[in-house]
Amino acid sequence: MIKSYFKTAIRSFRHHKLFTFINIIGLSIGISAALVIYLIVHYDFTFDKFHKDGDRIYRVVSNYSFQGEPGYNGGVCGPLPDAVKNEITGLERSAPVFTLDQFSAVIPNGTKAPAKFKNEKNTVLADERYFKIFQYKWLAGSAKTSLKGPYQVVLTSDQAKVYFPSLTYDQMLGRQIIFEDTLKTTVTGIVQQFTGNTDFYFKDFISFITINSARSLRDQVQPTEWGSTTSASAFFVILSPKAKVANIEGQLNALLKKRNPPRPEDKGNKSSFSLQPLSDLHFNEKYGAFDNGNVASKNTLYGLLVIAAFLLALGCINFINLTTAQASQRAKEIGIRKTMGSTRPQLIGQFLSETFLITLVAVTISIASTPAVLKLFSDFISKNITMNLLGQPGLIVFIILLIITVSLVSGIYPALVLSNYKPVTVLKNQAYNGTNTTRNAWLRKSLTVTQFIIAQFFIMATLLVSKQIFYALHKELGFKKDAIVYISTPYKNNTTSKKQVFANKIKAITQVEKVSVGGAPPASDQTNSTEVTYKDGKKEIKTDLQLKNADENYINVYQIKLIAGRGLRIGDTTGQMVINNTYAKMLGFTDPAKAVGKFIDWNKKNKEIIGVVADFYERSLHEPIKPLAIIYHGNQYNNGTMHVALKPQTAGGNEWKQAIASMERSWKAIYPDDDFQYSFYDESIAKFYESEQHTSKLLTWATGLSILISCLGLLGLAIYTTGRRTKEIGVRKVLGATVAQIVTLLSTELVMLVAISFVVVTPISWWVMNQWMQNFADKTTISWWIFVLSGAGMLLTALLTLSFQTVKAAIANPVKSLRSE
């Protein structure tokens, strides 16, 4: 029987090639989107799911409030891990992990030249406690002894093969690795690199106890400073089976209050610890995965699932519409089958088998095209996201469920409608009685309106996201961003004289207009802040103050507007500061000039306000402007950033290219062991909105595909409708109807459906877009023209699609259509 079903299905496909093609294309687009989005979502939601007792593993994180302004940090203060050992109950294990900056590594090789590795990332301080919580497979050495002593290092298998490509794991033990020219370590263990998706990307584990001997590491960890927190200092705990999160958090905060009691001047400021589940590590933007770690957005992933569901729904709607529209053409076939003894369940099975075959073909096309789609979006999805049917059993299960779901959703209603025909009325050419006609027409109209709602929603969302991105990239940020290059000088062996020599060489380049030596640019991902106090004689105003390290040229290079006082000058010290207007207002000065000459208490030292600048954005438009001070970039900073303003470039010229080449030659003369890297500042600003740009690209594709699917379905319905009304059109033409009148007649219903969908989707789109816009502190307006342009664009697209068939039917010779009458 099943074989007969499939034979009949193939015969039906041959008789209705165009409708079969439209159904396959619509479903394959939706299924392709579902497959790609499944791979993306599954990738992110499987991070760190393989750890033993993962549901009991937490990271301790820090929360702050400065005068009502919240702050978050994924790290803890240095002394906490050791204090927890003796004072907190309910913990099964705990372990600190401290991520280090990029390190250079040297591998001695006897009498031969040593192997050198620059900018090695993913180096951490850890001890045996870490390996008791996160259980690696040991290939050489053991967790009990490998990190017991100072200057010991454990490597992951991948990193070990980079350092010692010709040695076995056992032969690597005892080998020496010198980090940063001074940290001489001995390899005491090799562990297998995690193979699952993980944020624990560490490759070099230096023993934590080394900080007692290495001053440079101890200064970073600050193991005695309860008031200092860095995101590099992560602290993990595994709770006892019956321990409660709230109880542990209470004990941690009681310990903090005991060891770092609040002072009278801390009024209005709070700090506390909380426990972050391991499962939240990959998704929480407030705390980050690790220092410089990337996080995924659950909202984005859920949005992708909605897009997949919409595109799948569009394909299914096309199938239902076209299948029910063709019902009358198969009425006699159904009547004969019932007369010959076919039961309704058998007919339902027949029609579902046809749907199953079409779905199977669509899935095959989707599987073949998915690698190409992944490559298309490779610029903003992980390279680790691949499709491998043999190696991903979960994907196979998903595809099977997808086939079953799509087959049932698309096929069940048409199967019920077609199998319900009565053989007597069918064979008397009365298959379409009034009730069936009305019911099926109402369903097709409802589904068509749904298609237009989805398509217009995507159009509106795409227009608004593009408008916000344009607004962000062209917004006056309070500083110059074009024609500026910045270059970060190395931290190691970088003296003030070296920086000055490099700056002088850059100044001598013809194409360079100005040069500044300082810290981070005005807006960047780097954050540096401190707690300061202003006393006006009546009250104290305590603030978390953002800091920008600069020299006397910084304000001029970035053309930051000075609105009171003066800027930094040669001869100034770290005792002077230039503040922004937001901080001046917070201090109570509506006239910024009155803030000049006042003093700020900074770590019990007075800093004089010598000038006030207009507000500028320190980060993206997602965040509001905060109180800020520009301070002199003193000699205490080994590293520094060169901020280079270039002269205007002639049209089609290569002056900037020549200038950068000259900078690189100067760099090599001063820093021969370090790679030259530079960035154009306007490109760095654009990176703030990479997520929005990726969203815009996804929405653009979703919009295009939704319109394509909708138009394919619309074209199919137009072909069917004009086919059924051929004789009516012929009669109307004979009676004097013009081409325009006939086209209007055939298109009126469509215009009504588009209008209905526009009325329904507009408030929904406005609400969704308004919610999304709340992510920005400074945002564009949701303009009325977005909705009008969407509705008009959808109407025009639909009319153009219909015109292929309606115009053809309207200009046809009526003699041919009436010949059979």
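The shown structure was predicted, so the numbers you read here are calculated from the model rather than taken from an experiment. (Residues numbered from 1 in each chain as written. Predicted model: local features only at pLDDT ≥ 70, side-chain atom pairs only at ≥ 80, totals over all residues. Heavy atoms only, no water.)

Draft legend 1. The pairing of strand β19 (residues 576-580), seen in detail. Of all the five residues making up β19, five are buried; the element is thus mostly covered by neighbouring parts of the structure. By the alternation rule, side chains of β19 split into Q576, V578 and N580 and M577 and I579, which are all buried. Here β19 pairs with strand β21 (residues 605-613) via five bridges, running parallel. Opposite V578, over in β21, you have G611 as the bridge partner. Inspection of the sheet shows β19 paired to strand β22 (residues 628-632) by three bridges, in the antiparallel sense. Its bridge partner being in β22, V578 is matched across the sheet by I630. (Buried < 20%, exposed > 50% of the residue type's maximum accessible area, 1.4 Å probe, protein only. Helix = DSSP H or I, 4+ residues; strand = E, 2+ residues; numbered from the N terminus. Pairing = 2+ DSSP bridges.)

Draft legend 2. Inspection of unusual backbone geometry at higher detail. The residue D53 is not glycine, and still its phi comes out positive at about 60 degrees. Judged by relative accessible area, which is 27%, D53 ranks as partly exposed. Unusually for a residue other than glycine, A483 sits at a positive phi of about 60 degrees. For A483, a relative accessible area of 12% puts it in the buried group.

Draft legend 3. Seen up close, the packing of helix α11 (residues 344-376) against helix α12 (residues 393-419). Running from N to C, α11 and α12 cross one another at 140 degrees; their axes reach a closest spacing of 8 Å. Considering the angle they form, α11 stands oblique to α12. You can see that α11 and α12 cross each other, and the crossing is right-handed. Residues R344, L347, I348, F351, L352, T355, F356, T359, L360, V363 and I367 of α11 pack against I399, I403, V406, S407, S410, G411, I412, A415, L416, L418 and S419 of α12. Looking at the contact of α11 with α12 residue by residue, the classes come out as 15 nonpolar, six polar and one charged. (Axes fitted to C-alpha atoms, helices over the stretch in contact; angles between N-to-C directions. Parallel < 35°, antiparallel > 145°, perpendicular 65-115°, else oblique. Left-handed = near helix turned anticlockwise from the far one by under 90°. Contact = heavy atoms within 4.5 Å. Nonpolar A, V, L, I, M, F, W, Y, C, P; charged D, E, K, R; others polar.)

Draft legend 4. Seen up close, the side chain of S620. Mapped onto the elements, S620 comes out in the loop between β21 and β22. Residue S620 is classed as buried on the basis of its relative accessible area of 9%. If sequence neighbours within four positions are ignored, S620 has contacts with F688 and Y689.

Draft legend 5. Summary view of the nonpolar core. Within the largest apolar cluster, 70 residues are counted, with the highest numbers of intra-cluster contacts made by L27, I31 and F452. Elements supplying a minimum of two residues to this core: α2 (17-45), α9 (298-325), α11, α12, α14 (434-474), α20 (690-724), α22 (739-773) and α23 (784-810). Per-element accounting of this core gives the leading share, 14 residues, to α2. With residues near it in sequence (within four places) discarded, L27 still touches G315, C316, F319, I358, T359, A362, V406 and S410. Counting residues in each nonpolar core, the second largest holds 28 residues, with A550, V613, I630 and A645 among its members. (Core = buried A, V, L, I, M, F, W, Y, C linked by side-chain atoms within 4.5 Å.)

Draft legend 6. Representation of the packing of helix α21 (residues 726-734) against α22 within the structure. Interhelical geometry of α21 versus α22 gives an angle of 145 degrees and a closest axis separation of 10 Å. Like other packed secondary-structure pairs, α21 and α22 cross with a definite hand, here right-handed. Facing α21, whose interface residues are E728, I729, R732 and K733, α22 presents I742, L745 and L746. When the residues that make up the contact of α21 with α22 are grouped by side-chain class, the tally is four nonpolar, no polar and three charged.

Draft legend 7. Spotlight on the sheet that holds strand β15 (residues 512-518). The antiparallel open sheet is built from four strands, whose spatial order is β15-β23-β14-β24. Strands with a single pairing partner mark the edges of an open sheet, and in this sheet they are β15 and β24 (679-680). Inspection of the sheet shows β15 paired to strand β23 (residues 641-646) by six bridges, in the antiparallel sense. Bridge pairing links V512 to L646 in β23. Against the sheet, helix α15 (residues 496-507) touches β14 (484-488), β15 and β23, its axis set at about 165 degrees to β15.

Draft legend 8. Summary view of the packing of aromatic side chains. Inspection of every chain in the model, using the stated rule, returns 43 aromatic pairs. Here Y136 and F194 contribute two aromatic rings whose centre-to-centre distance is 4.0 Å and whose plane-to-plane angle is 20 degrees, an arrangement assigned as stacked. Of the two residues, Y136 sits in the loop between α4 (128-133) and β7 (138-140) while F194 sits in the loop between β10 (183-191) and β11 (204-207), which places them 58 residues apart along the sequence. Aromatic pair F377 and W701: ring centres 6.0 Å apart, planes at 70 degrees, arrangement edge-to-face. Taken together, the positions of F377 in the loop between α11 and α12 and W701 in helix α20 put the pair 324 residues apart, joining distant regions of the chain. Three or more aromatic residues link up through ring pairs in this structure, and these residues are F50, Y130, F131, F134, Y136, W138, F194, F200, Y201, F202, F205 and F236. In this arrangement the basic side chain of K286 is found over the ring face of Y72, its NZ or CZ atom lying 4.3 Å from the centre. Between K607 and the ring centre of W602, over which it is positioned, the NZ or CZ distance is 5.0 Å. (Phe/Tyr/Trp six-rings, centres within 6.5 Å; stacked < 30°, edge-to-face > 60°. Lys NZ or Arg CZ within 6 Å of the ring centre and 35° of its normal.)

Draft legend 9. Examining the pattern of salt bridges more closely. Counted according to the given criterion, the structure contains 13 salt bridges. The salt bridge partner of E92 is R56, with a shortest N-O separation of 3.0 Å. Taken together, the residues E92 in strand β3 (residues 91-99) and R56 in the loop between α2 and β1 (57-66) connect sequence positions 36 residues apart. Classification of R56 by relative accessible area gives buried; the value is 15%. Measuring nitrogen to oxygen at the nearest pair gives 3.7 Å for the salt bridge that ties K514 to E513. Each of the salt bridges in this network shares a partner with another, and the network as a whole consists of D53, R56, E92 and R93. (Salt bridge = Lys/Arg side-chain N within 4 Å of Asp/Glu carboxyl O.)

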